[in-house]
Amino acid sequence: MCEEKTAAGDVCACCRHKSTPRDAGELKSLQNRINRIIGQLKGIQGMIEDNRYCGDVLVQIGAVESALQSLGYVILEEHMMTCVAEGAQRGNTEILAEAVELMKKIK
């Protein structure tokens, strides 16, 4: 586990954890989505190794992009309902700006 500190003495951004842990059902659902995406990527890898038609590979790449974006929206919704809501309740208005920037990054 990373415990690197920033110049201000805070734990670095890569080491932050949610204050409200995900429940077992959420974890299972997210892991299932990730496993499906990994399976799709392995399928694309196999298609490339098999010298499959470019158009077919591109269709599968589009499917993976869509699945990743969908996963991102699920995580964003969870972030808004937990981390952002909890931060705002504690008076942390910076978390709202962070949420806006995250929305821009996921499209």
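Given the structure is predicted, the values throughout are model-derived calculations rather than measurements.

Leu 30, Ile 37, Ile 44, Met 47, Val 57, Val 64 and Leu 71 form the largest nonpolar core, which has seven residues in total. Of all the elements in the fold, those that place two or more residues in this core are α1 (24–49) and α2 (54–89). It is α1 that contributes the most residues to this core, four residues altogether. Residues within four places of Ile 37 in sequence aside, it is in contact with Val 64, Ala 67, Leu 68 and Leu 71.

Scored by pLDDT, the chain has a mean of 89; 87% of the residues are at 70 or more. Taking the mean pLDDT of every element in the chain, the minimum, 94, falls on helix α3 (residues 94–105) and the maximum, 98, on α1.

Let us now look at α3. Turn by turn, an α-helix covers 3.6 residues, leaving residues three or four places apart pointing in a common direction. Along its twelve residues, α3 runs 17 Å from first to last C-alpha, staying within 8% of the 16 Å computed at 1.5 Å per residue. Where α3 ends, the next residue or the one after it, Lys 107, has phi of about 110°, a positive value.

Residues Met 80, Met 81, Val 100 and Met 103 make up a contiguous nonpolar surface patch of roughly 360 Å² in combined accessible area. Going through the elements one at a time, α2 and α3 are the ones with two or more residues in the nonpolar patch. Within the fold, Met 81 resides in helix α2. The exposure class assigned to Met 81 is exposed, which follows from its relative accessible area of 61%.

Looking now at the packing of α2 against α3. Describing two packed helices takes the angle between their axes plus the distance from one axis to the other. Running from N to C, α2 and α3 cross one another at 165°; their axes reach a closest spacing of 9 Å. Relative to α3, α2 is oriented roughly antiparallel. α3 is crossed by α2, and the crossing has right-handed handedness. Where α2 approaches α3, its residues Leu 76, His 79, Met 80, Cys 83, Val 84, Gly 87 and Ala 88 are matched on the opposing element by Ile 95, Leu 96, Glu 98, Ala 99, Leu 102 and Met 103. For the contact of α2 with α3, the class distribution of residues is ten nonpolar, two polar and one charged.

Moving on to the pattern of salt bridges. Side-chain pairs of opposite charge can arise whenever the charged atoms involved come near each other. Applying the stated rule across the entire model yields four salt bridges. Measuring nitrogen to oxygen at the nearest pair gives 2.9 Å for the salt bridge that ties Arg 22 to Glu 78. With a gap of 56 residues between them, Arg 22 in the segment before α1 and Glu 78 in helix α2 connect regions that are remote in the sequence. Residue classification places Glu 78 among the buried residues on the basis of a relative accessible area of 10%. With a shortest N-O distance of 3.2 Å, Glu 101 and Lys 104 are connected by a salt bridge. Here Glu 101 and its partner Lys 104 are both found in helix α3, three residues apart, which amounts to about one turn of the helix. A residue is classified by how much of its surface remains accessible, and Glu 101, at 39% relative accessible area, is partly exposed. Lys 104 gets classed as exposed once you look at its relative accessible area, which sits at 57%. Through salt bridges with shared partners, a single network forms among Lys 18, Arg 22 and Glu 78.

Rules of the game
- Residues numbered from 1 in each chain as written.
- Predicted model: local features only at pLDDT ≥ 70, side-chain atom pairs only at ≥ 80, totals over all residues.
- Heavy atoms only, no water.
- Core = buried A, V, L, I, M, F, W, Y, C linked by side-chain atoms within 4.5 Å.
- Buried < 20%, exposed > 50% of the residue type's maximum accessible area, 1.4 Å probe, protein only.
- Helix = DSSP H or I, 4+ residues; strand = E, 2+ residues; numbered from the N terminus.
- Contact = heavy atoms within 4.5 Å.
- pLDDT = per-residue confidence, 0-100.
- Expected span 1.5 Å × (residues − 1).
- Patch = residues over 30% accessible without salt bridge, like charges linked within 9 Å, V, L, I, M, F, W, Y side chains within 5 Å.
- Areas by Shrake-Rupley, 256 points an atom, 1.4 Å probe, with all protein chains shown as cover.
- Salt bridge = Lys/Arg side-chain N within 4 Å of Asp/Glu carboxyl O.
- Axes fitted to C-alpha atoms, helices over the stretch in contact; angles between N-to-C directions.
- Parallel < 35°, antiparallel > 145°, perpendicular 65-115°, else oblique.
- Left-handed = near helix turned anticlockwise from the far one by under 90°.
- Nonpolar A, V, L, I, M, F, W, Y, C, P; charged D, E, K, R; others polar.

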